Amino acid sequence: GENVEQHPSTLSVQEGDSAVIKCTYSDSASNYFPWYKQELGKGPQLIIDIRSNVGEKKDQRIAVTLNKTAKHFSLHITETQPEDSAVYFCAAAPYGTASKLTFGTGTRLQVTL
Amino acid sequence: GAVVSQHPSWVICKSGTSVKIECRSLDFQATTMFWYRQFPKQSLMLMATSNEGSKATYEQGVEKDKFLINHASLTLSTLTVTSAHPEDSSFYICSAIGQLTDTQYFGPGTRLTVL
């Protein structure tokens, strides 16, 4: 089965700096990679996702890159703000079959003033 | 769009009782719903996958007789924790997939505390 590793487990950045979270996956059949943001006591919220036919996707301050050869993908947040503080999870799944997601272990991001 | 709700948001019950958690897709029809549990400071662990009108598929190690799942309509799935014990205390989260997309949208979660 799929195995997703996520690093770092915690990340502290100053407001305005960039934050990068990296994930690796094991199953070459995976081709759908979403990122979720989870605030304390709430459910995960989809913030961006990428399909395997795309190498990079950007949405305002958030971007995701995918390297299928190396089986890794990354989340980039620029100009971080205090409200970006949360736990971020990456995930992987085969696309097109409504398959279950395999989640990474999460990264606790803290943006300090 | 793509809103998923859960009810209740939190529940406290006595050991030995059963608790039902509802998951609803508010603005789309959910062909597939997933149930997860999450322990503090841990990732989401998939418990089961349910498709409307059919039996749920449980992950290895999840007791199907203890965690009863019913997906009676395209907008509602329920998880019933039967004969709850303190070790069942956790954060339970559902997600749903619509007919035209593979994107999973998550509910806000339900905090279960068993005394």
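In case you missed it, the structure is sitting above this.
Everything numeric here is computed off the predicted structure, so don't read it as measured data.

Caption draft 1: A look at unusual backbone geometry. Cis geometry marks the peptide bond from His-7 of chain A to Pro-8 of chain A, where omega comes out at -5°. The topology assignment puts Pro-8 of chain A in the loop between β1 (4-7) and β2 (10-14). The omega torsion across His-7 of chain B and Pro-8 of chain B is 0°, close enough to zero to call that bond cis. In this fold, Pro-8 of chain B is placed in the loop between β1 (4-7) and β2 (10-13). Positive phi values are uncommon outside glycine, yet Lys-41 of chain B reaches one of about 60°. Here Lys-41 of chain B is to be found in the loop between β4 (30-38) and β5 (45-51). Look at Lys-41 of chain B and you get exposed, because its relative accessible area is 79%.

Caption draft 2: Highlighting the sheet that holds strand β6 (residues 56-59) of chain A. All names here are of chain A. In space, the 5 strands of this open sheet follow the order β1-β3-β8-β7-β6, with antiparallel pairing throughout. Looking at strand neighbours, the two that pair on one side only are β1 and β6, the edges of this open sheet. When the angles between neighbouring strand axes are averaged without regard to direction, this sheet yields 15°. Strand direction decides the pairing type here: strand β7 (residues 62-67) and strand β8 (residues 72-77), joined by 6 bridges, are antiparallel. Bridging across to β8, Leu-66 finds its partner in Phe-73.

Caption draft 3: Local environment of the packing of aromatic side chains. Scanning all chains against the criterion turns up 12 aromatic pairs over all chains. A centroid spacing of 5.7 Å and a plane angle of 85° characterise the contact between Phe-103 of chain A and Tyr-36 of chain B, whose relative ring orientation is edge-to-face. Of the two residues, Phe-103 of chain A is situated in strand β10 (residues 102-103) and Tyr-36 of chain B in strand β4; the pairing between them involves two chains. In this pair, the class of Phe-103 of chain A matches that of Tyr-36 of chain B, namely buried. Pairwise contacts between aromatic rings join Tyr-36, Phe-89 and Phe-103 of chain A together with Tyr-36 and Phe-106 of chain B into one cluster.

Caption draft 4: Expanded view of a nonpolar patch on the surface. A surface patch of nonpolar side chains, amounting to about 390 Å² of accessible area, comprises Trp-10, Ile-12 and Leu-115 of chain B. Residue placement: Ile-12 of chain B occurs in strand β2.

Caption draft 5: Seen up close, the interface of chain B and chain A. With 20 residues of chain B in contact, the opposing surface of chain A contributes 23 residues. Counting the surface lost from both chain B and chain A, the interface buries some 1500 Å², and carbon and sulfur atoms represent 56% of this. When the buried area of chain B at its contact with chain A is split by residue, Ser-43, Asp-102 and Phe-106 of chain B rank highest and sum to 33% of it. Here chain B is connected to chain A by 1 salt bridge. Lys-100 of chain A serves as the salt-bridge partner of Glu-59 of chain B, at 3.0 Å between the closest nitrogen and oxygen. One can count 5 residue pairs in polar contact (both at pLDDT 80 or more) joining chain B with chain A. If you tally residues by element for the side of chain B that touches chain A, the top one is β4 of chain B, at 4 residues. Looking at the side of chain B that touches chain A residue by residue, the class counts come to 10 nonpolar, 7 polar and 3 charged.

What counts, and where the lines are drawn
Residues numbered from 1 in each chain as written. Chains lettered and ligands numbered in written order. Predicted model: local features only at pLDDT ≥ 70, side-chain atom pairs only at ≥ 80, totals over all residues. Heavy atoms only, no water. Helix = DSSP H or I, 4+ residues; strand = E, 2+ residues; numbered from the N terminus. Buried < 20%, exposed > 50% of the residue type's maximum accessible area, 1.4 Å probe, protein only. Pairing = 2+ DSSP bridges. Axes fitted to C-alpha atoms, helices over the stretch in contact; angles between N-to-C directions. Phe/Tyr/Trp six-rings, centres within 6.5 Å; stacked < 30°, edge-to-face > 60°. Patch = residues over 30% accessible without salt bridge, like charges linked within 9 Å, V, L, I, M, F, W, Y side chains within 5 Å. Areas by Shrake-Rupley, 256 points an atom, 1.4 Å probe, with all protein chains shown as cover. Salt bridge = Lys/Arg side-chain N within 4 Å of Asp/Glu carboxyl O. Contact = heavy atoms within 4.5 Å. Buried area = accessible area lost by both parts, 1.4 Å probe. Polar contact = N/O pair within 3.5 Å; in protein donor to acceptor, adjacent residues only side chain to side chain. Nonpolar A, V, L, I, M, F, W, Y, C, P; charged D, E, K, R; others polar.

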